[in-house]
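Summary of the model geometry
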Amino acid sequence: QVQLVESGGGLVQAGGSLRLSCAASGRTVSNYAMGWFRQAPGNEREFVAVSIYSSTVYADSVKGRFTLSRDGAKNTVYLQMNSLKPEDTAVYYCAASRVWKGVLPKGYDYWGQGTQVTVSS
């Protein structure tokens, strides 16, 4: 079993940056698909980015602004968010799956508790 804990959320001004962290425990997740999702009030949970092995895929809405990285030694996944926009405001969730299951939330087996990101204008 995998436990995930996100951190790094907060309030930032439009155009600013935040770095989210997702610390995994229970198992080594080096071979897992690791994804970031977000959910704004009243909206469905949406895909942000996912990484498996050496490949990373981003949602069009964040491409060029967000970067997912992984630190195998720390069993931790990061999401560097630059040039933040008010529409990026959401609860951000880290998710993991041992098997590649695409970009739908239902394809992921393990989830963190979420961390709030608020971008003010």
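Note that this is a predicted model, so its numbers are computed, not measured.

1. Description of the packing of aromatic side chains
Evaluated as defined, the whole model comprises 5 aromatic pairs. Aromatic side chains Phe37 and Phe47 sit 6.0 Å apart centroid to centroid with 70° between the ring planes, which places their arrangement in the edge-to-face category. With Phe37 in strand β4 (residues 33-39) and Phe47 in strand β5 (residues 46-52), this residue pair connects regions lying 10 residues apart in the sequence. Residue Phe47 is classed as buried on the basis of its relative accessible area, which comes to 14%. Ring plane angle 55° and centroid distance 5.1 Å describe the contact between Phe37 and Trp111, whose orientation is recorded as tilted. One end of the pair, Phe37, is in strand β4; the other, Trp111, is in strand β10 (residues 110-111), and 74 residues separate them in sequence. Residue Phe37 is classed as buried on the basis of its relative accessible area of 0%. We classify Trp111 as partly exposed; its relative accessible area is 26%. By way of ring pairs, the aromatic residues Phe37, Phe47, Tyr93, Tyr108 and Trp111 are connected into one cluster.

2. Considering the state of the cysteines
In this structure the tally under the stated criterion is 1 disulfide. Across the disulfide from Cys22 sits Cys94; the S-S distance is 2.1 Å. On the sign convention where negative means left-handed, the S-S torsion of about -80° between Cys22 and Cys94 marks this disulfide as left-handed. Of this pair, Cys22 sits in strand β3 (residues 18-25) while Cys94 is found in strand β9 (residues 90-97), placing the two residues 72 residues apart along the sequence. A single burial state applies to Cys22 and to Cys94, both of which are buried.

3. Describing the sheet that holds strand β1 (residues 3-7)
If you trace the 4 strands from one edge of the open sheet to the other, you get β1-β3-β8-β7, paired in antiparallel fashion. A strand with exactly one partner marks an edge of an open sheet, and here the two such strands are β1 and β7 (66-71). The sheet shows a mean angle of 15° between the axes of neighbouring strands, direction not considered. Of the strand pairs in this sheet, β1 and β3 are connected by 5 bridges, and their pairing is antiparallel. By the bridge assignment, Ser7 is partnered in β3 with Ser21.

Analysis parameters
Residues numbered from 1 in each chain as written. Predicted model: local features only at pLDDT ≥ 70, side-chain atom pairs only at ≥ 80, totals over all residues. Heavy atoms only, no water. Phe/Tyr/Trp six-rings, centres within 6.5 Å; stacked < 30°, edge-to-face > 60°. Helix = DSSP H or I, 4+ residues; strand = E, 2+ residues; numbered from the N terminus. Buried < 20%, exposed > 50% of the residue type's maximum accessible area, 1.4 Å probe, protein only. Disulfide = S-S within 2.5 Å. Pairing = 2+ DSSP bridges. Axes fitted to C-alpha atoms, helices over the stretch in contact; angles between N-to-C directions.

Function cannot be read off these values alone, since they describe shape.
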